[in-house]
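Survey of secondary and tertiary structure
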Amino acid sequence: MSSANHGPLSVNRRQLIGLGALGAAALALPARRAFAADQTKIAGVFGTPIEEPWVNQIHVALLKAKSDLGVEYIWSENVKASDFGRVLREHAQKGANLVMGDAFTDEEASRRAAKAYPQVAFVMGSGIGPADPNFGVFDNWIHEPAYLSGMIAGKLTKSNTIGAVAAMPIPEVNRLVNAYRAGAKEVNKDVKCKFSFIDSFFDPPKAKEAALAQIEAGVDAVYAERFGVIEAAHDKGIIAFSNMSDQSALAPETVVTGPVWDMWPTVNHVVKLVRADIEIAQDFGGYSYMGKGGSYLAPYHAWESKLSPEIKDMVAKRTQEIKDGAFRVDVDEAVPVSD
């Protein structure tokens, strides 16, 4: 998602709804009729397996839309880039009103499919902005809870060397690991951070190998931006911070907490727009911020009794400041360099 626009857009079409056909004509948009609850069909198209946390959080929110909003929901997972455009088109042809997924798999194919089906709403995870008339975008703006995780890591490290193992050095990933380091450095001026990238969104064995190498180099608190890292941390007896979802169950004594991405505020809002036939070519990234309920720090679980009152009070105070707008976590999308 473009760093130039982090929040949901204000769209003139909303102000023209009351004008009916005249307002629509003035906007010169392809006609899309509103859908009743029992007519809303959503297709999820994902480039990785459902178990991959980034995709899973979208999937979980769409399942909630099925149970709470009465939509019909089907999905295709682990779709190769070479097949991505074809699968998107097939779902549009089969009557989906809304297609959601990860355009990161094939950005060009996703946008071509949307252009070919202007009456279908496409809302995709993307590193590029929206496109009229029917291509909306979102992304996991969870740098705020990543910062909070870093604050905890900075307090708990004994070696003053923390680490992060992540997918690849792209803006969407960089801003998370940079925020993690920034949080740690706020509370511990002596802390150093190591970074490793596995050049894949889903390769647990490679992520584990990278984490083991960091641990061998002295890291004793690691940000598991990808699956596989927590296993390494557990095996070597260091602490870890999960990513995207609450992963404490993987290793309760290892995982302190971590950023959680809650896609429900985004999905709930998007479904309402589709049902009302309101312009969908928007940037929905703002719905992933803590202030909108789109991200938060996972519960401490087993660490509730292990963390000192000082640390918990520190995190609670900063959390409230972030939600209130009194403290802003910088969006740093530069490629990180190990200290």
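What this report covers is the structure whose coordinates are included nearby. This structure is a prediction, so every number in the text was calculated from the model and none was measured. (Residues numbered from 1 in each chain as written. Predicted model: local features only at pLDDT ≥ 70, side-chain atom pairs only at ≥ 80, totals over all residues. Heavy atoms only, no water.)

**So, the packing of helix 6 (residues 143-156) against helix 11 (residues 309-324)**
Operational definition: All axes are obtained by fitting lines to C-alpha atoms, using only the stretch in contact for helices, and the reported angles, taken between N-to-C directions, cover 0 to 180 degrees. Secondary structure elements are taken from DSSP: a helix is a run of H or I of four residues or more, a strand is a run of E of two residues or more, and numbering for both begins at the N terminus. Relative orientations are named as follows: roughly parallel for angles under 35 degrees, roughly antiparallel for angles over 145 degrees, roughly perpendicular for angles from 65 to 115 degrees, and oblique for any other angle. What makes a crossing left-handed is the near helix being turned counterclockwise from the far one by less than a right angle; a clockwise turn instead makes it right-handed. Two residues form a contact once any of their heavy atoms are found within 4.5 Å. As a working rule, the residues Ala, Val, Leu, Ile, Met, Phe, Trp, Tyr, Cys and Pro are called nonpolar, Asp, Glu, Lys and Arg charged, and the rest polar, with Gly in that last group.
Taken N-terminus to C-terminus, the directions of helix 6 and helix 11 make an angle of 160 degrees; their axes are 11 Å apart at the nearest point. One way to sum up the angle between helix 6 and helix 11 is to call them roughly antiparallel. Seen along the crossing, helix 6 lies across helix 11 with a hand that is right-handed. Across the interface between the two elements, Glu 144, Tyr 147, Leu 148, Met 151, Ile 152, Lys 155 and Leu 156 from helix 6 touch Glu 310, Ile 311, Met 314, Val 315, Arg 318, Thr 319 and Ile 322 from helix 11. Looking at side-chain class alone, the contact of helix 6 with helix 11 contains nine nonpolar, one polar and four charged residues.

**Things to note about the pattern of salt bridges**
Going by this rule: Between Lys or Arg on one side and Asp or Glu on the other, a salt bridge is scored when a side-chain nitrogen of the former is within 4 Å of a carboxyl oxygen of the latter. Only protein chains enter the accessibility calculation, which uses a 1.4 Å probe. A residue is then buried if its area is under 20% of the maximum for its type, exposed if over 50%, and partly exposed in between.
Counting across every chain of the model gives 20 salt bridges. Here Arg 181 and Asp 339 are joined by a salt bridge, their closest N and O atoms 3.1 Å apart. Here Asp 339 lies in the segment after helix 11 and Arg 181 lies in helix 7 (residues 171-187), a separation of 158 residues in the sequence. With a relative accessible area of 15%, Arg 181 lands in the buried category. Judged by relative accessible area, which is 39%, Asp 339 ranks as partly exposed. Across the pair Lys 208 and Glu 231 runs a salt bridge whose closest N-O atoms are separated by 3.0 Å. In this pair, Lys 208 sits in helix 8 (residues 204-216) while Glu 231 sits in helix 9 (residues 229-236), placing the two residues 23 residues apart along the sequence. Each of the salt bridges in this network shares a partner with another, and the network as a whole consists of Glu 52, Glu 225 and Arg 226.

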